[in-house]
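Structural overview for review
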Amino acid sequence: MERRQLGHSEVTITPILMGTWQAGKAMWTGIEDTETIKAIRAAVEAGITTIDTAEIYGEGHSEQIVAQAIAEIRDQVELASKVFPTHLKYDQVLEACDRSLQNLQTDYLDLYQIHWPAGSFNSEIVPVEETMQALNQLKQQGKIRAIGVSNFSKEQVAEAQQYGQIDSVQPPYSLFWRQAEKELIPYCVAQNITVLAYSSLAQGLLTGKFGADHQFEEGDHRAKNKLFQGETYERALQAVEQLRPIAREKGCTLAQLALAWLIAQPNTCAIAGARNAEQ
C-alpha cells in the first residue's frame, strides 16, 4: 500500500488506518479479544500498518489488545494514541503518555493526539499552551514522533499551532458527515496538516448492512446516534441504495467505495475499525 507523509513530520502512514475504539469493548457489544487481535493482524497483512487507539478506549484495554496483536512486529507498524481531556495538565500529559507506552509495550508512539479540546465532557479548562508544552517535551525525549489533535475546530487547531507543530487533525468525516469540508479541511490543506477521518463508514451505515428495522443490542452506543434515528436514518438508507449501483459499477463493496472516496479527498486518510479478520 502507498505511504503518505504525516503532516510535516518524518512519520509515514497508510491511507487507511486500523481503528480500535471497538477493541476497548466499552460502548460496544459482541467484541471478543481474540477476534480483535486476529483483525488487527489481518489488517497489517493487508498493508494497513497504521493503528489508531486511545487511553479512554476501555480505560487502556484497547491499547493492551493492540500490544498483543503487534508484539512481534512493532517495527513494522505506526502506533497512534490519544490523551483524554481529563489529563491535559502538564504532568498529567506526561503520566498519560507513559501509561499508554506501558499498555502498548513500546518505548515510543508515532503519533500522540489530544483526544478532545479542554473542557469537553465537563473536564477542567487547561490552556492548550500548557498541554502543548508537555507534548513538545515528550517529542524532545523521543517518546512521541508527531503531535496531533482530534475533534478540534479550525480555530482550536490554529491556537494549538502557536505552541508547536501540529501534524494531524482527527475529525468525524464520511460521505454522510461532511461538516469538516466547510472550514477545517481547507485550513489543513493550506497548512499541510493530515486529516485522519474517523467514523469513515458512518458507524457502519456505509457498509449497507443495516435495514429499516435494525435493532442494536443493549449497550451499543450507536442506538443513541442521530444517524440511526427517525427521518435521518430513512434518508441515510435511501442514500445507501443510491450508492449500490456505483459500487457495482466499480466492482467493489459499499465500504470500499466509501473509503476510496475519503482517501481521494485532499490530505485525507481514513480510519476504519473491524471486529474480526473477515471484516
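So, here is what we can say about the structure in this document. (Residues numbered from 1 in each chain as written. Predicted model: local features only at pLDDT ≥ 70, side-chain atom pairs only at ≥ 80, totals over all residues. Heavy atoms only, no water.)

Some remarks on the overall build of the protein
Put simply, the test is: Numbering of helices and strands runs from the N terminus, with a helix taken as a DSSP run of H or I at least four residues long and a strand as a DSSP run of E at least two residues long. The reference for a compact globule is 2.2 Å times residues^0.38; the radius of gyration itself is calculated from the C-alpha atoms. When accessible area is computed with a 1.4 Å probe and restricted to protein chains, residues below 20% of their type maximum are described as buried, those above 50% as exposed, and intermediate ones as partly exposed. Contact criterion: two residues are considered in contact whenever any of their non-hydrogen atoms come within 4.5 Å of each other. Areas reported here follow the Shrake-Rupley algorithm with a probe of radius 1.4 Å; residue values treat only the protein chains shown as occluding. Working convention for charge: Lys and Arg count positive, Asp and Glu count negative, and His plus the chain ends are omitted. A charge is said to be at NZ when it belongs to Lys, at CZ for Arg, at CG for Asp and at CD for Glu.
Counting its secondary structure elements, the protein contains 8 helices and 10 strands. For the protein, whose C-alpha radius of gyration is 18 Å, the value lies close to the compact-globule estimate of 19 Å for 279 residues. Seen through its principal axes, the protein has C-alpha atoms that stretch 50 × 40 × 40 Å. The burial tally for the protein puts 52% of its 279 residues in the buried class. Put simply, of all contacts in the protein between residues at least 6 apart along the chain, 74% involve residues at least 24 apart. As displayed, the protein offers around 13,200 Å² of accessible surface, 47% of which is attributable to carbon and sulfur atoms. Taking the 24 positively charged and 35 negatively charged side chains of the protein as two groups, their mean positions are separated by 5 Å.

Description of unusual backbone geometry
For Asn 122, which is not a glycine, the phi torsion comes out positive at approximately 60°. Residue placement: Asn 122 occurs in the loop between strand E6 (111-114) and helix H4 (128-141). The residue Ser 199 is not glycine, and still its phi comes out positive at about 55°. Inspection of the secondary structure assignment puts Ser 199 in the loop between strand E9 (194-197) and helix H7 (230-250).

Some details on the pattern of salt bridges
What counts, and what does not: Note on definitions: salt bridges are taken to be side-chain nitrogens of Lys or Arg within 4 Å of carboxyl oxygens of Asp or Glu.
Following the criterion strictly, the structure yields 11 salt bridges and no others. Of the charged contacts in the structure, one is a salt bridge between Glu 55 and Arg 99, with a shortest N-O distance of 3.5 Å. A residue pair is termed long-range when its members are at least 10 positions apart, and Glu 55 in the loop between strand E4 (50-52) and helix H2 (61-70) and Arg 99 in helix H3 (residues 90-104) qualify at 44 residues. Where Glu 241 meets Arg 244, a salt bridge forms, and the shortest distance between an N and an O atom there is 2.9 Å. Here Arg 244 and Glu 241 lie together in helix H7, a separation of 3 residues that amounts to about one turn. By relative accessible area, Glu 241 is classed as partly exposed at 45%. Through salt bridges with shared partners, a single network forms among Arg 74, Asp 110 and Arg 145.

Considerations on the nonpolar core
Stated formally: For this analysis, a nonpolar core means a set of buried residues of the types Ala, Val, Leu, Ile, Met, Phe, Trp, Tyr and Cys, connected via side-chain atoms within 4.5 Å.
Of all hydrophobic cores here, the largest spans 72 residues; its most connected members are Ile 51, Tyr 112, Leu 135, Val 157 and Leu 205. Looking at which element gives the most residues to this core, the answer is helix H8 (residues 254-263), with 7 residues. Every residue in contact with Leu 205, bar those within four places of it in the chain, is listed here: Phe 176, Phe 210, Leu 227, Phe 228, Tyr 233, Ala 236, Leu 237 and Val 240.

Things to note about the packing of aromatic side chains
Going by this rule: Geometry of aromatic contacts follows a simple scheme: Phe, Tyr and Trp rings, the Trp one being its six-membered ring, pair when their centres are within 6.5 Å, and the pair is stacked under 30 degrees between planes, edge-to-face over 60, tilted otherwise. Either the NZ atom of lysine or the CZ atom of arginine qualifies as a charge over a ring when it sits within 6 Å of the ring centre and within 35 degrees of the ring normal.
Applying the stated criterion across every chain, the model contains 5 aromatic pairs. Where Tyr 173 meets Trp 261, the ring centres are 5.8 Å apart and the plane angle is 65°; that geometry is what we call edge-to-face. You can see Tyr 173 sitting in the loop between strand E8 (168-170) and helix H6 (184-191) and its partner Trp 261 sitting in helix H8, a full 88 residues away along the chain. The rings of Phe 84, Trp 116 and Phe 121 are connected pair by pair, giving a single aromatic cluster. The positively charged end of Arg 74 is found above the aromatic ring belonging to Tyr 108, 4.1 Å away from the centroid.

Details of the packing of H3 against H4
Stated formally: Between the N-to-C directions of two axes lies an angle of 0 to 180 degrees, each axis being a line fitted to C-alpha atoms and, for a helix, fitted only over the stretch in contact. Roughly parallel refers to an angle under 35 degrees, roughly antiparallel to one over 145, roughly perpendicular to one between 65 and 115, and oblique to any angle outside these ranges. Left-handed describes a crossing whose near helix is turned anticlockwise from the far helix by less than a right angle; the clockwise case is right-handed. Residue type decides the class: Asp, Glu, Lys and Arg count as charged, Ala, Val, Leu, Ile, Met, Phe, Trp, Tyr, Cys and Pro as nonpolar, and the leftover types, Gly among them, as polar.
Where H3 meets H4, the axes come as close as 8 Å, and the angle between the chain directions of the two elements is 40°. Of the possible angle classes, the one that applies to H3 and H4 is oblique. With respect to the hand of their crossing, H3 and H4 are arranged in right-handed fashion. Residues Tyr 90, Val 93, Leu 94 and Cys 97 of H3 pack against Glu 130, Thr 131, Gln 133, Ala 134, Leu 135, Gln 137 and Leu 138 of H4. Counted by class, the contact of H3 with H4 contains 7 nonpolar, 3 polar and 1 charged residues.

Concerning the environment of Ala 158
Examined against the element boundaries, Ala 158 turns out to sit in helix H5 (residues 154-161). Note on Ala 158: relative accessible area 27%, which makes it partly exposed.

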